[in-house]
Amino acid sequence: GLNFVLVPGTPAGLSSETVTLPEILKEHGNYSTKMVGKWHLGHAQHQMTPVGKGFESFTGIYTWDTDSYTKQTYEEPWKRALMIDWISESDNGTFTHYAEPR
């Protein structure tokens, strides 16, 4: 894991040496691994993202300032909504960034 807080725009995240549960499950059996929700473990490089860390697909958000229910990203927490922002990615190479200005 991480022993510090990731602020928006940071290049930090899980190291390539950190093994995740989906990586272990794929190694030891015929498991399907998908993630839905908030990934707050780094995303500056693809290898830090959920798909980069072993999940077959990911639908969710990377940033701390996005409301999990409405997907709205805020200029300041719970003040003015700037946009709706979320990601859908798969290990087959498809990637969609849904961003809608508010």
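Residues numbered from 1 in each chain as written. Predicted model: local features only at pLDDT ≥ 70, side-chain atom pairs only at ≥ 80, totals over all residues. Heavy atoms only, no water.

1. Focus on the overall build of the protein chain
From N to C terminus, the protein chain includes one helix and five strands. Its helices and strands taken in sequence order, the protein chain reads α-β-β-β-β-β from the N to the C terminus. For the protein chain, the residues scored as buried account for 32% of the 102 residues in total. Here the analysis covers contacts within the protein chain between residues at least 6 apart in sequence; of these, 40% occur between residues at least 24 apart. Surface exposure of the protein chain reaches about 6600 Å², of which carbon and sulfur atoms provide 56%. (Helix = DSSP H or I, 4+ residues; strand = E, 2+ residues; numbered from the N terminus. Buried < 20%, exposed > 50% of the residue type's maximum accessible area, 1.4 Å probe, protein only. Contact = heavy atoms within 4.5 Å. Areas by Shrake-Rupley, 256 points an atom, 1.4 Å probe, with all protein chains shown as cover.)

2. Side note on the side chain of T33
Looking at the element boundaries, T33 is found in the loop between α1 (21-28) and β1 (34-38). Here the side chain of T33 touches G54 through a polar contact of 3.2 Å, landing on its backbone oxygen. Contact partners of T33, with chain neighbours within four places excluded, come to P22, L25, K26, G54, F55, E56 and S57. (Polar contact = N/O pair within 3.5 Å; in protein donor to acceptor, adjacent residues only side chain to side chain.)

3. Re a nonpolar patch on the surface
Among the surface-exposed residues, V19, L21 and I24 lie close enough to one another that they form a single nonpolar patch of about 280 Å² accessible area. Structurally, the position occupied by I24 is in helix α1. For I24, a relative accessible area of 38% corresponds to the partly exposed category. (Patch = residues over 30% accessible without salt bridge, like charges linked within 9 Å, V, L, I, M, F, W, Y side chains within 5 Å. Salt bridge = Lys/Arg side-chain N within 4 Å of Asp/Glu carboxyl O.)

4. Points about the packing of aromatic side chains
Overall, the coordinates contain three aromatic pairs when judged by the stated rule. For the pair F58 and Y62, a centre-to-centre distance of 5.3 Å together with 10 degrees between the ring planes defines the contact as stacked. Residue classification places F58 among the buried positions, given a relative accessible area of 0%. Note on W86 and Y98: the rings are 4.2 Å apart at their centroids and 20 degrees apart in plane angle, and the pair reads as stacked. Taken together, the positions of W86 in strand β4 (residues 81-90) and Y98 in strand β5 (residues 95-101) put the pair 12 residues apart, joining distant regions of the chain. Taking the relative accessible area as the measure of exposure, Y98 reaches 35% and is therefore partly exposed. (Phe/Tyr/Trp six-rings, centres within 6.5 Å; stacked < 30°, edge-to-face > 60°.)

5. Quick word on the confidence of the model for the protein chain
Low pLDDT means the predicted coordinates in that region are not meant to be read closely. Confidence in the prediction for the protein chain averages 81 pLDDT; 82% of positions are at 70 or higher. Ranking the elements of the protein chain by mean pLDDT puts strand β3 (residues 72-74) last, at 73, and α1 first, at 91. (pLDDT = per-residue confidence, 0-100.)

6. Describing the nonpolar core
In this structure, L14, M35, W39, V51, F55, F58, Y62 and I87 together form the largest nonpolar core, which totals eight residues. Apart from residues lying up to four places away in sequence, Y62 is in contact with W39, H43, T49, P50, I87 and E89. (Core = buried A, V, L, I, M, F, W, Y, C linked by side-chain atoms within 4.5 Å.)

7. Notes on the environment of G52
Tracing the sequence through the fold places G52 in the loop between β1 and β2 (57-61). Distance from G52 to S90, taken between C-alpha atoms, is 9.8 Å for residues 38 residues apart in sequence. Ignoring any residue separated from it by four or fewer positions in sequence, one finds G52 in contact with E23, H46 and Q47.

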